Amino acid sequence: MAINLAYIAACLLFILGIKKLNKPDTARQGNFLSSLGALVGVVAIFFENEVVQSWNNAHSWLHNGILWVVVAMLIGAIIGAIWSKVVKMTGMPELVALYNGFGGLATAFVAISQFMYLYIVWAGRSEGGGPIVMFSIGITVFIGAIAFTGSMLAWGKLAEKVTGSAVVFPGQKAINLILVLGALAAIVVLVLPNVDPATKTTAVIALTAISLILGFTLVLPIGGGDMPVVISLINSLTGLAVAMAGFVVSNTMLIVSGALVGASGMILTLIMCKAMNRSIGNLLFSGFGAAATQSTKGPGAEPKAVSAEDAYMVLEAAQSVVFVPGYGMAVAQAQHVVKELAEKLEANGAEVNFAIHPVAGRMPGHMNVLLAEADIPYEQLKTMDEINPLLPTQDVAIIIGANDVVNPAAETDTSSPIYGMPIIKAHEVKTVFVLKRGKGRGFSGIENELFSMPNTLMIYGDAKATISSLSKEFSGD
Amino acid sequence: MDSVLLLFIFVIAAFLGKELISKVPSQLHTPLMSATNAISGITVVGAVVTAAIFAPGTLGMILSLIAIVLATINMVGGYMVTSRMLEMFRKKGDKD
């Protein structure tokens with residue numbers, strides 16, 4: 001009874017937490033309430049019958065299950081805490097992907113353990129699981145394993161440990177379809193009554209293997225720029241797996257919290273997709289970025305490159321400057337020097353704004369986090385819709401490692417894979433400086449016409465070094 | 001518990017989850033994603049239950065304990081990383 005009340009309290013705290021995370025001024029409170037809910041839930045589980053019995057049955061400390069459970073929790077908490085403290089702000093999406101994958105694998109393990117209990121430990125002594133429990137075990141393993149390998153690959157792509165661009169090969173969809181059908185067949189074997197435990201065990205092993213491969217092949221054709229949406233989608237799937245695990249071990253708190261995460265995560269995924277003007281189906285199956293090289297438009301004029309000193313002359317005379325940050329700023333860790341340059345420009349009489357595209361960087365809100373870290377005042381951060389009408393009147397735009405979000409092809413070139421995506425119309429600004437590491441294409445692999453436009457000047461090199469040298473010019477040495 | 005009742009709870013909670021998120025400003029997309037991701041870590045509760053039903057030292061126990069480590073990393077790490085992100089938004093808010 002008291003345990004169920006604690007579960008209700010935990011669920012209420014989760015619900016309130018998610019609700020409050022919707023608004024910037026209550027978000028921190030929301031996160032706190034949600035974590036409090038998790039704490040209440042974890043404490044309550046130690047009073048469940050099975051757990052208390054395990055405690056009572058222990059005849060020595062080595063046989064004390066609870067002790068091992070607490071040790072495992074402490075190890076997990078310490079690792080989680082350390083990783084969260086040491087991660088750089090730029091590494092945030094990778095870390096969330098990693099955590100997500102762990103959650104998925106843990107959930108799959110819960111279902112596999114319960115299966116082992118029903119069919120191996122209790123083989124012959126029990127009737128096994130009912131169809132609903134067996135179905136839940138199957139789905140939990142399926143989704144949990146997909147979430148694990150999918151997240152790991154997303155992590156690899158974001159951390160640039162594997163190629164970030166989309167990998168497409170012939171027969172990809174057919175292979176995925178065969179894998180899905182195989183997984184479904186294994187789940188059917190699990191659910192069917194009158195199947196002997198050995199066959200069911202084989203089915204669980206096959207299901208685990210197929211699902212692990214499927215997570216990999218499903219994420220493979222998705223480009224690095226789409227990873228935040230993919231992580232959000234997999235996060236929603238993990239939630240669903242957690243809810244299914246709730247059916248496996250008959251725990252209402254798992255069902256409610258899993259369903260909450262699954263549904264809210266799905267809505268969040270759709271919102272993110274909308275911000276990128278893409279549908280879920282298009283994102284998952286089109287191989288974004290891979291098709292880009294087939295764009296009919298060849299590169300136009302050769303981009304013009306200038307030095308930082310030349311750029312200073314223009315900046316010195318500018319009355320209004322807009323920074324357009326992208327992932328390149330994050331990679332170069334340039335946010336602090338950008339803040340310095342912005343202050344010098346302001347001291348020089350220019351109006352300075354920052355144009356933040358909703359999907360700039362590797363996660364939505366990525367740029368807001370970085371610029372906030374550098375203490376750039378909130379009022380200077382303009383959303384795409386706020387800044388676009390002002391751009392034709394601005395003197396200078398400085399694009400720091402952003403690419404697709406300022407690519408005019410999104411408006412003009414119907415053959416471009418990003419056609420229709422809302423962009424920051426930096427090309428309408430009088431002079432555009434593009435800070436770029438090298439001449440290669442961006443992360444998504446799409447040619448950017450902006451770079452060869454007559455009003456665009458490229459400054460190649462490390463963004464942080466370039467900004468610092470611009471800053472130094474202002475110091476008037 | 002009656003599985004139809006459990007299904008009922010699941011459906012109601014899913015609808016609630018759908019309604020909870022409405023117009024989220026894009027700056028909160030990632031914190032919200034990472035906070036709901038942390039909630040998934042509550043799967044640790046399921047792992048504690050499965051750990052408890054096995055005798056220590058068995059494969060099932062070991063799997064469950066690994067699940068506990070992974071889920072706790074997900075949960076504790078998820079909340080802490082979200083809080084770090086949101087902490088930065090606060091600094092900005094203080095200036096207003």
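Notes on the structure follow.

## Things to note about helix α7 (residues 172–191) of chain A
All names here are of chain A.
Turning to step 1, where the next piece is worked out: Compared with an ideal rise of 1.5 Å per residue, which puts 20 residues at 28 Å, α7 spans 29 Å between its outermost C-alpha atoms and is within 8% of the ideal.
Turning to step 2, where the next piece is worked out: Among the residues of α7, Q172, N176, L179, A183, A186, I187 and L190 are the ones counted as buried. Around the axis of α7, the buried residues are gathered within 100° of arc, so they sit on the same side. With respect to the buried face of α7, the exposed residues turned more than 90 degrees away are K173, L177, I178 and L181.
Turning to step 3, where the next piece is worked out: Elements in contact with the buried residues of α7: α5 (92–121), α6 (131–158) and α8 (197–219).

## A word on helix α1 (residues 2–20) of chain A
Turning to step 1, where the next piece is worked out: Its 19 residues give α1(A) an end-to-end C-alpha distance of 27 Å, which sits within 8% of 27 Å, the value for a rise of 1.5 Å per residue.
Turning to step 2, where the next piece is worked out: Within α1(A), burial applies to I3(A), A6(A), Y7(A), A10(A), C11(A), L13(A), F14(A), I15(A), G17(A) and I18(A).

## Some thoughts on the pattern of salt bridges
Turning to step 1, where the next piece is worked out: Scanning the model with the defined rule gives six salt bridges over all chains in all.
Turning to step 2, where the next piece is worked out: Here E411(A) ties to K425(A) by a salt bridge, and the two come within 3.4 Å at their closest N and O atoms. Taken together, the residues E411(A) in helix α17 (residues 409–412) and K425(A) in the loop between α17 and β6 (431–436) connect sequence positions 14 residues apart.
Turning to step 3, where the next piece is worked out: Looking at K425(A), the relative accessible area reads 25%, which means it is partly exposed.
Turning to step 4, where the next piece is worked out: Among the ionic pairs, K18(B) bridges to E19(B), the shortest N-O distance being 3.3 Å.
Turning to step 5, where the next piece is worked out: With a relative accessible area of 53%, E19(B) lands in the exposed category.

## Focus on the pairing of strand β2 (residues 320–325) of chain A
All names here are of chain A.
Turning to step 1, where the next piece is worked out: Taken across its six residues, β2 has six buried, putting it largely inside the fold.
Turning to step 2, where the next piece is worked out: Because side chains alternate across β2, one face comprises the buried residues S320, V322 and V324, and the other comprises V321, F323 and P325, equally buried.
Turning to step 3, where the next piece is worked out: Examined bridge by bridge, β2 and strand β3 (residues 351–356) share four bridges and lie parallel to one another. Each residue of the ladder has a partner; that of V321, found in β3, is V352.
Turning to step 4, where the next piece is worked out: As judged from the five bridges shared by β2 and strand β5 (residues 396–400), these two strands associate in the parallel manner. Bridging across to β5, V324 finds its partner in I399.

## Regarding the sheet that holds β5(A)
Residue and element names in this part refer to chain A.
Turning to step 1, where the next piece is worked out: Here we have seven strands laid out as an open sheet, ordered β1-β7-β6-β5-β2-β3-β4, and parallel in their pairing. Because the sheet does not close on itself, it has two edges, and the strands there are β1 (304–305) and β4 (381–383).
Turning to step 2, where the next piece is worked out: In terms of strand pairing, β1 meets strand β7 (residues 456–460) through two bridges, oriented parallel. Looking at the pairing, K304 lines up with L457 of β7.

Parameters at a glance
Residues numbered from 1 in each chain as written. Chains lettered and ligands numbered in written order. Predicted model: local features only at pLDDT ≥ 70, side-chain atom pairs only at ≥ 80, totals over all residues. Heavy atoms only, no water. Helix = DSSP H or I, 4+ residues; strand = E, 2+ residues; numbered from the N terminus. Expected span 1.5 Å × (residues − 1). Buried < 20%, exposed > 50% of the residue type's maximum accessible area, 1.4 Å probe, protein only. Arc of directions from axis to C-beta. Contact = heavy atoms within 4.5 Å. Salt bridge = Lys/Arg side-chain N within 4 Å of Asp/Glu carboxyl O. Pairing = 2+ DSSP bridges.

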